[in-house]
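For reference, the chains in residue letters:
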Amino acid sequence: MEATDPLEQPPVLVLPDPLTFADVPLLCERLRRLYGAGARVVVCDLAALSRADLAAVEAVARLRLTARRAGGRVVLRNAGAGLVALLDLAGLGLEAP
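Keep in mind the model is a prediction, meaning the values are calculated, not measured.

Chemist: Would you take a moment to explain the overall build of the chain for this structure?
Modeler: Within the chain one finds three helices and three strands. For the chain, the sequential pattern of α-helices and β-strands runs β-α-β-α-β-α. Counting all 97 residues of the chain, 33% fall into the buried class. Within the chain, contacts between residues separated by at least 24 positions form 77% of all contacts whose residues are at least 6 apart in sequence. Carbon and sulfur atoms form 58% of the exposed surface of the chain, whose accessible area is close to 6100 Å².

Chemist: How do you make sense of helix H1 (residues 23-36) when you look at a structure like this?
Modeler: The α-helix advances 3.6 residues per turn, and as a result positions three or four apart in sequence lie on the same side. In this model H1 runs 20 Å from its N-terminal to its C-terminal C-alpha over 14 residues, within 8% of the 20 Å that 1.5 Å per residue would give. Looking at the buried residues of H1, the elements they touch are strand E1 (12-14), strand E2 (41-45), helix H2 (54-70) and strand E3 (73-77). Once H1 finishes, Gly 38 follows within two positions and takes phi at roughly 110°, a positive value.

Chemist: So what exactly am I meant to see when it comes to the pairing of E2 here?
Modeler: Within a regular strand, the side chains alternate between the two sheet faces. Burial of E2 is extensive: four of the five residues sit out of reach of the surface. Taken together, the three bridges between E1 and E2 define a ladder with parallel strand orientation. If you follow Val 12 over to E2, its bridge partner there is Val 43. Considered for its hand, the β-α-β crossover made up of E1, H1 and E2 is right-handed. Bridging between E2 and E3 involves five bridges; their strand directions are parallel. When the sheet's bridge partners are listed, Val 42 is paired in E3 with Val 74. With respect to chirality, the unit in which E2 leads through H2 into the neighbouring parallel E3 is right-handed.

Chemist: Mind showing me how you'd approach the sheet that holds E2 here?
Modeler: The strands that make up a sheet are held in pairs by hydrogen bonds between backbone atoms, and each pair lies either parallel or antiparallel. With parallel pairing, the three strands of this open sheet are ordered in space as E1-E2-E3. Pairing within the sheet leaves two strands with one partner each, and these edge strands are E1 and E3. On average, each strand axis in the sheet is tilted by 30° relative to the strand beside it, whichever way the strands run. Against the sheet, H2 touches E1, E2 and E3, its axis set at about 150° to E3.

Cut-offs used in this document
- Residues numbered from 1 in each chain as written.
- Predicted model: local features only at pLDDT ≥ 70, side-chain atom pairs only at ≥ 80, totals over all residues.
- Heavy atoms only, no water.
- Helix = DSSP H or I, 4+ residues; strand = E, 2+ residues; numbered from the N terminus.
- Buried < 20%, exposed > 50% of the residue type's maximum accessible area, 1.4 Å probe, protein only.
- Contact = heavy atoms within 4.5 Å.
- Areas by Shrake-Rupley, 256 points an atom, 1.4 Å probe, with all protein chains shown as cover.
- Expected span 1.5 Å × (residues − 1).
- Pairing = 2+ DSSP bridges.
- Right-handed = clockwise from strand over helix to strand, strands pointing away.
- Axes fitted to C-alpha atoms, helices over the stretch in contact; angles between N-to-C directions.

Next up, the structure:
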């Protein structure tokens, strides 16, 4: 059994600004590659997003689905108040599984 370093930081996936629906499949592919390389948790940094819109909600939903299918987990970081509100309305709040 291989030991892991408890201080090792998980990889970070940064969502671009502007974010469009066309970006979502590419982000999911990047996430799949991170899990394929051995990551179990990936931090999704939302700080760059200047707008809280449906493309951002779609991205979060698809990234979580991709993570679940890969047996991993996505942790959201630096979400703005508007995006947090939209995610809560969609049932995808920051604490959602």
